[in-house]
Amino acid sequence: MLPSLAGEIPLIPAIPELIAGFVLFLIVWYAIAKFVVPKFEETYAERTAVIQGGIERAEKAQADAATALNDYNAQLATAREEAARIREEAKSQGTSILAEMRAQAQEESARLLAHAKAQIEAERSLAVQQLRTEVGGLATTLAGRIVGESLDDDDRARRTVDRFIADLESQAEQASGHKV
Amino acid sequence: MGLLGLVIPMEGGEAEDSHWPPGVHSFDGRPLFPGAGVDWINNHLFQAVLGAVIVIGVWIWLANGHKLVPGKKQFAGEQIYNVLRNGIARDILGHEYRKFLPYLVALFSFILVNNLFGQFFLLMFPTFSKVGYAYALAMLTFILYNAAGIAKWGVFGYLKRMTLPEGVPPALWVIIIPLEFASNFIVRPITLALRLFANLFAGHLVVVVFVMGGALLLEQASIGYKLAGGVALLMSGAIFALEIFVAVLQAYIFTVLSAQYIASSIAEEH
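Rules behind the numbers
Residues numbered from 1 in each chain as written. Chains lettered and ligands numbered in written order. Predicted model: local features only at pLDDT ≥ 70, side-chain atom pairs only at ≥ 80, totals over all residues. Helix = DSSP H or I, 4+ residues; strand = E, 2+ residues; numbered from the N terminus. Buried ≥ 20, exposed ≤ 12 C-beta atoms within 10 Å, placed from the backbone. Contact = placed C-beta atoms within 7 Å. Axes fitted to C-alpha atoms, helices over the stretch in contact; angles between N-to-C directions. Parallel < 35°, antiparallel > 145°, perpendicular 65-115°, else oblique. Left-handed = near helix turned anticlockwise from the far one by under 90°. Nonpolar A, V, L, I, M, F, W, Y, C, P; charged D, E, K, R; others polar. Core = buried A, V, L, I, M, F, W, Y, C linked by C-beta atoms within 7 Å. pLDDT = per-residue confidence, 0-100. Expected span 1.5 Å × (residues − 1).

## Observations regarding the overall build of chain A
Consideration 1: Check the secondary structure of chain A and you find 3 helices and 0 strands.
Consideration 2: Among the 180 residues that make up chain A, the fraction classed as buried is 7%.

See the structure below:
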């Protein structure tokens, strides 16, 4: 009786329609769930991943750049410090070298002075030695002469001495001129 | 003969006088194989199958060949998909929307395509003006939201949530429990089906009245009748526009309400 009733009252469903609607929609549902929604979601997920990856990459690059800048600045600071230190060192070294050189020069000059003095002393003592020997001989000669002539004349003796001294002087001049 | 019945959008029986006035008989199906004992294979079933094939085919076409940067086709597909995914499923169902998204996409598309058949010149008949199809979808939504609720809360937890809102004083339980039960388990599926069915049934009837009535009047001898017939046919254009709007709106409402019912079943709070 139902089919005829379905024809008369539109609210009473025809059973085949009900079943057809049910089955058809289940098929559509299955197809959409299996082949359509996953594809869209996959694309969305990929897109999200790519965008997120891009943001992460950009952030990483920024961080890298910041690190590099910090490193560079640190290196620069170190280099500056090093330069300052080297300058300071050089300055102090220069000072110490100067002082050392001065000390060395002083030492050298003292040494030269002492050497010269010692030489002069040696020459002087040598001269004194020679002088002594010569003076001894001369004195003897002089004494001989004085004794030989003093008896005759005081005046002559005085002249003899004078002559002697003059000889002596000329001899000494000759000796020193020879020496030089 | 069966195929001829498909391409000629005739309503009702063969005789001229059976077309007018339009009525319930305007919604009778034409068997594709008359007298073969399979009268249930009629033009309505054919267009329902066609609708399913179109929905599946178009969606699969839209879903394939995706790239990260969408082309025109993919962009269009994503626009529609996003309305269903973000505008309906995610907004109403929250973080659990992904499970029910295929159902809602299928529901909207299937109803929309079948509704638009009412304005498609070869078919000129909205499938859901046959109440059986509307009942079928409402039943599925009914099964789905109850199953989702039971899966989440268990049979008794779900029944308690659906029949007894929090904070109701025990004295009112006698009234509230039957009311809530009737509202959630009886009124919901029936209104869901009848809303869709009645809108399309009435819409199709109006279209038939304007188009066939207009044509009938135009055939009359009187100049006044001819004028009225012309106006009626012009008006049918506006009716078509309205019916297209109704077709989209009803598909949208059915989908939103289904999502709403599922959301109320799995919601943490009332």
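## Topic: the overall build of chain B
Consideration 1: Helices and strands together make up the secondary structure of chain B, namely 8 helices and 0 strands.
Consideration 2: Ordered by position from the N terminus, the helices and strands of chain B form the series α-α-α-α-α-α-α-α.
Consideration 3: Counted over contacts in chain B with a minimum sequence separation of 6, partners at least 24 positions apart contribute 64%.

## Let's talk about the packing of helix H2 (residues 43–63) of chain B against helix H4 (residues 97–116) of chain B
Residue and element names in this part refer to chain B.
Consideration 1: Across the interface, H2 lies against H4 with an axial gap of 9 Å and an inter-helix angle of 125°. By the criterion of interaxial angle, the relationship of H2 to H4 is oblique. Considering the relative orientation of H2 and H4, their crossing is right-handed. Contact residues: Ala48, Gly51, Ala52, Ile54, Val55 and Trp59 in H2; Ser109, Phe110, Val113 and Asn114 in H4.
Consideration 2: A breakdown of the residues in the contact of H2 with H4 according to their chemical character gives 7 nonpolar, 3 polar and no charged.

## Structural notes on the interface of chain B and chain A
Consideration 1: Contacts between the two partners involve 34 residues from chain B, matched on the other side by 29 residues from chain A.
Consideration 2: Breaking the side of chain B that touches chain A down by element, the ones donating at least two residues are H2, H4 and helix H5 (131–153) of chain B.
Consideration 3: In terms of residues, the side of chain B that touches chain A owes the most to one element, H2 of chain B, which gives 10 residues.
Consideration 4: When the residues that make up the side of chain B that touches chain A are grouped by side-chain class, the tally is 28 nonpolar, 4 polar and 2 charged.

## A closer look at the environment of valine 168 of chain B
Residue and element names in this part refer to chain B.
Consideration 1: By the element assignment, valine 168 lies in the loop between helix H6 (155–163) and helix H7 (173–219).
Consideration 2: With 13 C-beta atoms counted inside 10 Å, the residue valine 168 sits in the partly exposed group.
Consideration 3: Beyond its immediate stretch of four places on either side in the chain, valine 168 contacts Trp173 and Ile176.

## Let's talk about the nonpolar core
Residue and element names in this part refer to chain B.
Consideration 1: Formed by 58 residues in total, the largest nonpolar core has its most connected members in Leu104 and Ala134.
Consideration 2: Here this core gets 12 residues from one element, more than from any other, and that element is H4.
Consideration 3: Not counting residues within four places of it along the chain, the set of residues in contact with leucine 104 comprises Leu84, Ile88, Ala89, Thr255, Ser258 and Ala259.

## Comments concerning the confidence of the model for chain B
Residues and elements named next belong to chain B.
Consideration 1: With 92% of its residues at a pLDDT of 70 or more, chain B shows a mean pLDDT of 87.
Consideration 2: In the predicted structure, residues 1–17 sits below a pLDDT of 50 and forms 21 contacts with residues beyond four places in sequence or in another chain.
Consideration 3: Overall fold confidence (pTM) sits at 0.70, and the ipTM for the predicted complex is 0.86.

## Remarks on the confidence of the model for chain A
Consideration 1: Of all residues in chain A, 89% have pLDDT values of 70 or greater, and the mean over the chain is 85.
Consideration 2: The secondary structure element of chain A with the lowest average pLDDT is helix H1 (residues 2–8) of chain A, at 51, and the one with the highest is helix H2 (residues 15–150) of chain A, at 90.

## Some details on the packing of H5 of chain B against H6 of chain B
Residue and element names in this part refer to chain B.
Consideration 1: The geometry of H5 relative to H6 is characterised by a closest axis approach of 7 Å and an angle of 120° between their N-to-C directions. Between H5 and H6 lies a crossing whose hand is right-handed. Along the contact surface, H5 presents Gly149, Ile150 and Trp153, while H6 presents Val155, Gly157, Tyr158, Arg161 and Met162.
Consideration 2: Its residues assigned to classes, the contact of H5 with H6 shows 5 nonpolar, 2 polar and 1 charged.

## Some words on the environment of leucine 68 of chain B
Consideration 1: Within the secondary structure, leucine 68 of chain B is located in the loop between H2 and helix H3 (72–93).
Consideration 2: The exposed category is assigned to leucine 68 of chain B, around which 12 C-beta atoms lie within 10 Å.

## As for unusual backbone geometry
Consideration 1: Phi at methionine 124 of chain B takes a positive value of approximately 50°, unusual for a residue other than glycine.
Consideration 2: Accessibility expressed as a C-beta count within 10 Å gives 17 for methionine 124 of chain B, which makes it partly exposed.

## What to know about H5 of chain B
Consideration 1: Here H5 of chain B contains 23 residues, and its C-alpha end-to-end distance of 33 Å stays within 8% of the 33 Å for a straight helix at 1.5 Å per residue.
Consideration 2: In the segment just after H5 of chain B, glycine 154 of chain B is the residue with positive phi, at about 80°.

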